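Here is what each chain is made of, one letter per residue.
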Amino acid sequence: MMKPVLQDDAFLTDVNAARAEADDLHLWWLGQSGFLVQWQGRHCLFDPYLSESLTQKYEDTDKPHVRMTGRVIAPERLDFIDIVTSTHNHTDHLDAETLLPLKQANPELKLVLPLANITFAAERLQCKPDWLVGFECGGRSVVDPFSVTGVPAAHEKLECDDLGRCHHMGFIVQFGPWTVYHSGDTVRYDGMAEQLRPYNIDIALLPINGRNPERRVPGNLTGKEAAQLGQDIGARLVVPCHFDLFEFNSVTPDAFIAEAERIGQPYKRMQNGERWSSRELD
């Protein structure tokens, strides 16, 4: 099993040290689609999966979720989070064993998610819906200093409830001079780039594990598609994700890196537990 670059106490030490560089944006990859964003001492946590729930659930099935990389940090140790997101209802993006300890450690925490998923999320988390902040595509929620706007995601297609509200969303998070786009799980759909380009995205966090029917799970962008989408939306930097967690549903980032370099799209290939800071941005 691969070991995160920073883990447990070492990870928390690095998060604390980054606060001294308050004017920089700091980003850590927590595995799968989970990212921690820090700016001026405030923290946004994207789609964390920090448990063994899926490995345990599928242990004795024909679709075992064998972990490739160790956990970066236990969720209950993240006692400084202001806002956490869930882009859709799949467990690696809405995990009770991650979110409930996180909420206990952060009593004022707000969980931002698609409005169409509020009832499902409340049932899975066995919680009152008052800490769940739901909105539709085009809607916005603000947890100072983070302003979150929802945009559609297609995993592998655009799916809506009976009221036309998206079940899968990406989030545009704006704070200070920065704009970060977390696509959630998605493939490219008609008009996607045109919809995203006006946001002037600095950092795009995009899945690269692709689509393989033999996995029997909905798919995502391939590495090549993620690099091209980053260029088409004008992202200053693309960070690939959704690999190196489960053996059956992973790829190497080689195709993404090759395409990004071929087309001149700036990128950062991160390791689990690694920090990237905006001073590295050209």
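What counts, and at which threshold
Residues numbered from 1 in each chain as written. Predicted model: local features only at pLDDT ≥ 70, side-chain atom pairs only at ≥ 80, totals over all residues. Heavy atoms only, no water. Helix = DSSP H or I, 4+ residues; strand = E, 2+ residues; numbered from the N terminus. Rg over C-alpha atoms; globule rule 2.2 N^0.38 Å. Buried < 20%, exposed > 50% of the residue type's maximum accessible area, 1.4 Å probe, protein only. Contact = heavy atoms within 4.5 Å. Areas by Shrake-Rupley, 256 points an atom, 1.4 Å probe, with all protein chains shown as cover. Lys, Arg positive; Asp, Glu negative; His and termini not counted. Charge placed at Lys NZ, Arg CZ, Asp CG, Glu CD. Arc of directions from axis to C-beta. Phe/Tyr/Trp six-rings, centres within 6.5 Å; stacked < 30°, edge-to-face > 60°.

Chemist: So, the overall build of the chain: which residues are in play, and what are the values?
Modeler: Per the secondary structure count, the chain includes 7 helices and 13 strands. Computed over the C-alpha atoms, the radius of gyration of the chain is 17 Å, within 12% of the 19 Å expected from 2.2 N^0.38 for a compact globule of 282 residues. For the chain, the spread of C-alpha atoms along the principal axes amounts to about 45 × 45 × 40 Å. Across the 282 residues of the chain, 57% fall into the buried class. For the chain, contacts bridging at least 24 residues in sequence account for 65% of all contacts bridging at least 6. Accessible surface, the chain as shown: approximately 11,700 Å² in total, 47% of it carbon and sulfur. Here the chain contributes 27 positive and 41 negative side-chain charges, whose respective centroids are spaced 1 Å apart.

Chemist: Break down helix H6 (residues 223-232) for me, with residues and values.
Modeler: Of the residues making up H6, those classed as buried are Gly223, Ala226, Ala227, Leu229 and Gly230. Relative to the axis of H6, the buried residues are bounded by an arc of 165 degrees and lie together on one face. Packed against the buried residues of H6 are helix H5 (192-196), strand S11 (203-207), strand S12 (237-241) and helix H7 (254-263). Of the residues flanking the end of H6, it is Gly234, one or two places downstream, whose phi is positive at about 80 degrees.

Chemist: Break down the packing of aromatic side chains for me, with residues and values.
Modeler: How two aromatic rings sit relative to each other is given by the distance of their centres and the angle of their planes. Evaluated as defined, the whole model comprises 8 aromatic pairs. Look at Trp29 and Phe35: their rings are 6.3 Å apart centre to centre, the planes differ by 20 degrees, and that puts the pair in the stacked class. Each ring, one from Trp29 and one from Phe243, has its centre 5.1 Å from the other, and the planes form 40 degrees; the classification is tilted. With a gap of 214 residues between them, Trp29 in strand S1 (residues 26-31) and Phe243 in the loop between S12 and H7 connect regions that are remote in the sequence. Its relative accessible area of 0% is what places Phe243 among the buried residues. Following the ring pairs from residue to residue traces out a cluster consisting of Trp29, Phe35 and Phe243.

Chemist: Hey, could you go over unusual backbone geometry for me, with residue numbers and the actual values?
Modeler: With an omega of 5 degrees, the peptide bond between Asp144 and Pro145 qualifies as cis. Following His155, the chain continues into Glu156 via a peptide bond in cis, with omega recorded as -5 degrees. Along the chain, the position of Glu156 falls in the loop between strand S8 (146-152) and strand S9 (169-175). Positive phi, close to 50 degrees, is recorded for Gln40, a residue that is not glycine. In this structure, Gln40 sits in the loop between strand S2 (34-39) and strand S3 (42-46). A relative accessible area of 45% means that Gln40 is categorised as partly exposed. The phi dihedral of Asp47 is positive, around 40 degrees, even though this residue is not glycine. Inspection of the secondary structure assignment puts Asp47 in the loop between S3 and helix H2 (53-57).

Worth remembering: the numbers are spatial, not functional.
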